[in-house]
Amino acid sequence: MKPLEISVLDLAPVKQNKSIHETFNDSLDLARNVEKWNYRRFWLAEHHNMASIASSATSVLIGFIANGTQKIRVGSGGVMLPNHSSLVIAEQFGTLESLFPGRIDLGVGRAPGTDGLTAKALGRNPMTINEQFPRQIRELQQYFSVENQNSAVRAIPGEGCDIPIFVLGSSTDSAWLAAEFGLPYAFAGHFAPEMMSFAFEIYRENYKPSEKFPEPYLIACVNGIAAETDEEAKKLTTTLYQAFLNIIRNDRKPYSPPVDDMDAVWSPMEKAGVLQKLRYSFVGSPETLKGQIHNFQDRFQVDELMITSHIYEQEARLKSYEIFRQVVDLLNKA
């Protein structure tokens, strides 16, 4: 099996009866623990208008997490670039990199991270997104370059900063773009499994080496729920099921505690829809996870597994990430 790096995708998930302040402290607590367990990076995802997700001001939250940790890379998974001015993002991440040298990642996506009405409130123009997104990536690269010092518009801080840019995607469009630009590619398998295999194939076969990234680099984002037993892990997973069920029902309420019987909560049609979206979810005991991860890696040969873990209780969430670290270490040594 090709050796794996492992990382964390955090949405700053808001649980029932918890404040936003407590949510952010839970994210910091998670970051400090996964840093101790030698996770590669800790990314936060931009979303808007969702009572269950508090990572809307992504750059601000990255600074909070980076300031509370020492060595783990912290970044965006991602910043939804067409929601912003390229210059503002270059300045924000240039500021972060200047505060925390060598630790900041900039993952960028083209989706709004929200519903259509909120996307409009963010000032997006859906007619120009496909042209705007690639252009904005090139603008970021220009702003970060030393050569930009002679330009009329400069990103300060930002200019001359070595900030890796990752292209995020949930479709094949982003795979073509990441390959063309010679950039690392992170696929959202945790909610968009349908095109992942095809997107990876496109990316690898069409990759154009760049100065910073002479080889393709693939990150697969997946759901991960680990516990000491399969039964315990399956119960913990009902929080994830309810979160996706709420998306289907257009109900953005905070995350719910696990339940004993999901069939009392969802209809057969809703169940099928949720399970289809969660195809790439690793759930179970350490022994079960070993088989699941080995089979996944045998098929996809990714460079990095980025795990997002929708677990209601903080202690159980920490335990889950600790188990994943142990399992991946065993697989990497095999």
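Anyway, here's the lowdown on the structure attached to this text. Note that this is a predicted model, so its numbers are computed, not measured.

Where helix 1 (residues 20-36) meets helix 2 (residues 58-67), the axes come as close as 9 Å, and the angle between the chain directions of the two elements is 50°. The angle between the axes of helix 1 and helix 2 places the two elements in the oblique class. Crossing handedness for the pair helix 1 and helix 2: right-handed. Contacts from Phe-24, Asn-25, Ser-27, Leu-28 and Ala-31 in helix 1 reach Leu-61, Phe-64 and Ile-65 in helix 2. Taken together, the residues that form the contact of helix 1 with helix 2 break down as six nonpolar, two polar and no charged.

Turning next to the side chain of Ser-309. Tracing the backbone through its elements, the reader meets Ser-309 in the loop between strand 9 (304-308) and helix 11 (314-333). Among the residues examined, Ser-309 registers a relative accessible area of 4% and is labelled buried. In terms of polar contacts, Ser-309 uses its side chain to reach the backbone carbonyl oxygen of Gly-224, at 2.7 Å. Once residues lying within four places of it in the same chain are set aside, the contact partners of Ser-309 are Gly-224, Ile-225, Arg-317, Ser-320 and Tyr-321.

Within soluble globular proteins, side chains that are nonpolar generally end up buried alongside one another. In terms of nonpolar packing, the biggest core is built from 75 residues, with Phe-93, Leu-106, Tyr-185 and Phe-296 touching the most fellow members. Per-element accounting of this core gives the leading share, seven residues, to helix 11. Aside from chain neighbours lying at most four places away, what touches Leu-106 is Ser-76, Val-79, Ile-89, Phe-93, Leu-140, Phe-144, Ile-163, Pro-164, Ile-165 and Phe-166. Counting residues in each nonpolar core, the second largest holds 13 residues, with Leu-11, Ala-45, Ile-53 and Met-306 among its members.

A few words on the pairing of strand 5 (residues 165-169). A regular strand places its side chains on the two faces of the sheet in alternate fashion. Burial analysis of strand 5 places five of its five residues in the buried class, the great majority of the element. Along strand 5, one buried face is formed by Ile-165, Val-167 and Gly-169 and the opposite face, lined by Phe-166 and Leu-168, is buried too. In terms of strand pairing, strand 4 (residues 104-109) meets strand 5 through three bridges, oriented parallel. Bridge pairing in strand 5 places Val-108 opposite Val-167. Crossover connection from strand 5 via helix 6 (residues 172-181) to parallel strand 6 (residues 185-187): handedness right-handed.

As a further point, take the pattern of salt bridges. A full pass over the atoms with the stated rule returns 19 salt bridges. Note that Arg-135 and Glu-139 form a salt bridge whose closest N and O atoms lie 2.8 Å from each other. Within this pair, Arg-135 and its partner Glu-139 are both found in helix 5 (residues 129-144), separated by four residues, close to a single helical turn. The class of Arg-135 is partly exposed, set by a relative accessible area of 40%. Connected through salt bridges with shared partners, the residues Arg-41, Arg-73, Asp-105 and Glu-304 form a single ionic network.

Inspection of the secondary structure assignment puts Arg-325 in helix 11. For Arg-325, a relative accessible area of 10% translates into the label buried. Separated by 287 residues in sequence, Arg-325 and Asn-38 have C-alpha atoms that sit 8.1 Å apart. Once residues within four sequence positions are removed from consideration, Arg-325 is found in contact with Ile-6, Trp-37, Asn-38 and Tyr-39.

Looking now at the packing of helix 1 against helix 11. It is at 10 Å that the axes of helix 1 and helix 11 come closest, and there the two elements cross at 25°. Comparing their axes, helix 11 and helix 1 come out roughly parallel. Considering only the axes of helix 1 and helix 11, their crossing is right-handed. For the pair helix 1 and helix 11, the contacting residues are Asp-26, Ser-27, Asp-29, Leu-30, Asn-33 and Val-34 in the first and Gln-314, Arg-317, Leu-318 and Tyr-321 in the second. Tallied by class, the residues present in the contact of helix 1 with helix 11 amount to four nonpolar, three polar and three charged.

The next thing to look at is the packing of aromatic side chains. Within the structure shown, the criterion is met by 12 aromatic pairs. Considering the side-chain rings of Tyr-39 and Tyr-321, the 5.8 Å spacing of their centres and the 75° angle between planes classify their relative orientation as edge-to-face. Of this pair, Tyr-39 sits in the loop between helix 1 and strand 2 (41-44) while Tyr-321 sits in helix 11, placing them 282 residues apart in sequence. Accessibility assignment for this pair places Tyr-39 and Tyr-321 in one class, buried. Each ring, one from Phe-282 and one from Phe-296, has its centre 5.4 Å from the other, and the planes form 80°; the classification is edge-to-face.

Along the chain, the position of Lys-71 falls in the loop between helix 2 and strand 3 (73-80). Judged by its relative accessible area of 54%, Lys-71 is exposed. When the C-alpha positions of Lys-71 and Pro-254 are compared, they lie 31 Å apart, and in sequence the two are 183 residues distant. Ignoring any residue separated from it by four or fewer positions in sequence, one finds Lys-71 in contact with Glu-35, Asn-38 and Arg-103. A polar contact is formed between the side chain of Lys-71 and the side chain of Asn-38, at a distance of 3.2 Å.

Next up on the list: helix 1. Because the α-helix completes a turn every 3.6 residues, residues three or four places apart line up on one side. Taking 1.5 Å per residue as the helical rise, helix 1 with its 17 residues ought to reach 24 Å, and the 25 Å between its terminal C-alpha atoms agrees with that figure. Among all positions in helix 1, only Thr-23, Asp-26, Ser-27, Leu-28, Leu-30, Ala-31, Asn-33, Val-34 and Glu-35 are buried. Its buried side turned inward, helix 1 meets strand 1 (5-10), strand 2, helix 2 and helix 11. Following helix 1 by one or two positions, Asn-38 has its phi on the positive side, about 65°.

Rules used in this analysis
- Residues numbered from 1 in each chain as written.
- Predicted model: local features only at pLDDT ≥ 70, side-chain atom pairs only at ≥ 80, totals over all residues.
- Heavy atoms only, no water.
- Axes fitted to C-alpha atoms, helices over the stretch in contact; angles between N-to-C directions.
- Helix = DSSP H or I, 4+ residues; strand = E, 2+ residues; numbered from the N terminus.
- Parallel < 35°, antiparallel > 145°, perpendicular 65-115°, else oblique.
- Left-handed = near helix turned anticlockwise from the far one by under 90°.
- Contact = heavy atoms within 4.5 Å.
- Nonpolar A, V, L, I, M, F, W, Y, C, P; charged D, E, K, R; others polar.
- Buried < 20%, exposed > 50% of the residue type's maximum accessible area, 1.4 Å probe, protein only.
- Polar contact = N/O pair within 3.5 Å; in protein donor to acceptor, adjacent residues only side chain to side chain.
- Core = buried A, V, L, I, M, F, W, Y, C linked by side-chain atoms within 4.5 Å.
- Pairing = 2+ DSSP bridges.
- Right-handed = clockwise from strand over helix to strand, strands pointing away.
- Salt bridge = Lys/Arg side-chain N within 4 Å of Asp/Glu carboxyl O.
- Phe/Tyr/Trp six-rings, centres within 6.5 Å; stacked < 30°, edge-to-face > 60°.
- Expected span 1.5 Å × (residues − 1).

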